[in-house]
Amino acid sequence: QVQLVESGGGLVQAGGSLRLSCTASGRTFSLYTMGWFRQAPGKEREFGAAITKSGDSTYYADSVKGRFSISRDNAKNTVYLQMNSLKPEDTGVYYCEASRRFGVKTTQREYDYWGQGTQVTVSS
């Protein structure tokens, strides 16, 4: 089992950048596929980005492709989400999630753990 804590959220202007971090507990961080999801008020949680256990492969939702970048540092038990060219529609609570499954995963049902989330607000 793994516990996840997101950080780095905040208020930024449209076009700006923000870097989210997620720190995981335990010694088995490298055994999890990691992903970032977000949820806007009144909407369902949606997939944003995922990265394989070794960090050799990534996958992005079309809505963030080319603007967001996911990475991980297994030595630090941390996964990151670099967000550039932010838009107001990127506003929401961002969740770091972990999956026991192999390969990149893009649906909520494939993930086993997630944190409390961190708020990202992009002003126009």
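This structure is a prediction, so every number in the text was calculated from the model and none was measured. Every chain's residues receive numbers from 1 upward, in the order its sequence appears when written. Totals for whole chains, interfaces and linings use every residue, but because this is a predicted model, local features are given only for residues with pLDDT of at least 70 and side-chain atom pairs only at 80 or more, for both listing and counting. Here the side-chain values reflect all heavy atoms present in the structure, with hydrogen atoms and water set aside.

## With respect to the pattern of salt bridges
Salt bridge, as used here, is a side-chain nitrogen of Lys or Arg placed within 4 Å of a carboxyl oxygen of Asp or Glu. Here the structure, examined in full by the defined rule, presents seven salt bridges. Glu-46 is the salt-bridge partner of Arg-38, the closest N and O atoms lying 2.8 Å from each other. With its nearest N and O atoms 3.6 Å apart, the salt bridge here joins Asp-112 to Arg-101. Within this pair, whereas Asp-112 is found in the loop between strand S9 (92–99) and strand S10 (113–114), its partner Arg-101 is found in the loop between S9 and S10, the two being separated by eleven residues in sequence. Looking at Asp-112, the relative accessible area reads 23%, which means it is partly exposed. Three or more residues joined by partner-sharing salt bridges are found here, namely Arg-38, Glu-46, Arg-67 and Asp-90. In DSSP terms, a helix is any run of H or I states spanning at least four residues, a strand is any run of E spanning at least two, and both are numbered starting from the N terminus. Buried, partly exposed and exposed residues are distinguished by accessible area as a fraction of the type maximum, computed with a 1.4 Å probe on protein chains only: under 20%, between the cut-offs, and over 50%, respectively.

## Notes on the nonpolar core
Of all hydrophobic cores here, the largest spans 32 residues; its most connected members are Leu-4, Met-34, Trp-36, Val-79, Leu-81 and Met-83. Breaking this core down by element, the ones donating at least two residues are strand S3 (18–24), strand S4 (33–39), strand S5 (46–51), strand S7 (68–73), strand S8 (78–83), S9 and strand S11 (118–123). To qualify as a nonpolar core, a set must consist of buried Ala, Val, Leu, Ile, Met, Phe, Trp, Tyr and Cys residues joined through side-chain atoms within 4.5 Å.

## Some points on the packing of aromatic side chains
Remark: the centre distance and the inter-plane angle together describe each pair of aromatic rings, the angle taken between the planes. Each Phe, Tyr or Trp ring, with Trp reduced to its six-membered ring, pairs with another whose centre is within 6.5 Å; inter-plane angles below 30 degrees give stacked pairs, above 60 give edge-to-face pairs, and intermediate values give tilted ones. Going through the model one piece at a time under the given rule, you end up with four aromatic pairs. Residues Phe-37 and Tyr-111 carry aromatic rings whose centres are separated by 5.1 Å and whose planes lie at 80° to one another, so their mutual orientation is edge-to-face. Of this pair, Phe-37 sits in strand S4 while Tyr-111 sits in the loop between S9 and S10, and the two are 74 residues apart along the sequence. Like Phe-37, the residue Tyr-111 is buried in the burial classification. Three or more aromatic residues link up through ring pairs in this structure, and these residues are Phe-37, Phe-47, Tyr-59 and Tyr-111. In this arrangement the basic side chain of Lys-53 is found over the ring face of Phe-102, its NZ or CZ atom lying 3.5 Å from the centre. Two conditions define a charge located above a ring, namely a distance within 6 Å from the ring centre to NZ of Lys or CZ of Arg, and an angle within 35 degrees of the ring normal.

## Side note on the pairing of S11
Side chains Thr-118, Val-120 and Val-122 project from S11 onto a buried face, and the interleaved Gln-119, Thr-121 and Ser-123 project onto a face without burial. Pairing of strand S2 (residues 10–13) with S11, which is carried by four bridges, proceeds in the parallel orientation. When the sheet's bridge partners are listed, Leu-11 is paired in S11 with Thr-121. Here a strand pair is declared whenever DSSP counts at least two bridges between the two strands. Taken together, the three bridges between S9 and S11 define a ladder with antiparallel strand orientation. For Gly-92, the partnering residue across the bridge sits in S11 and is Val-120.

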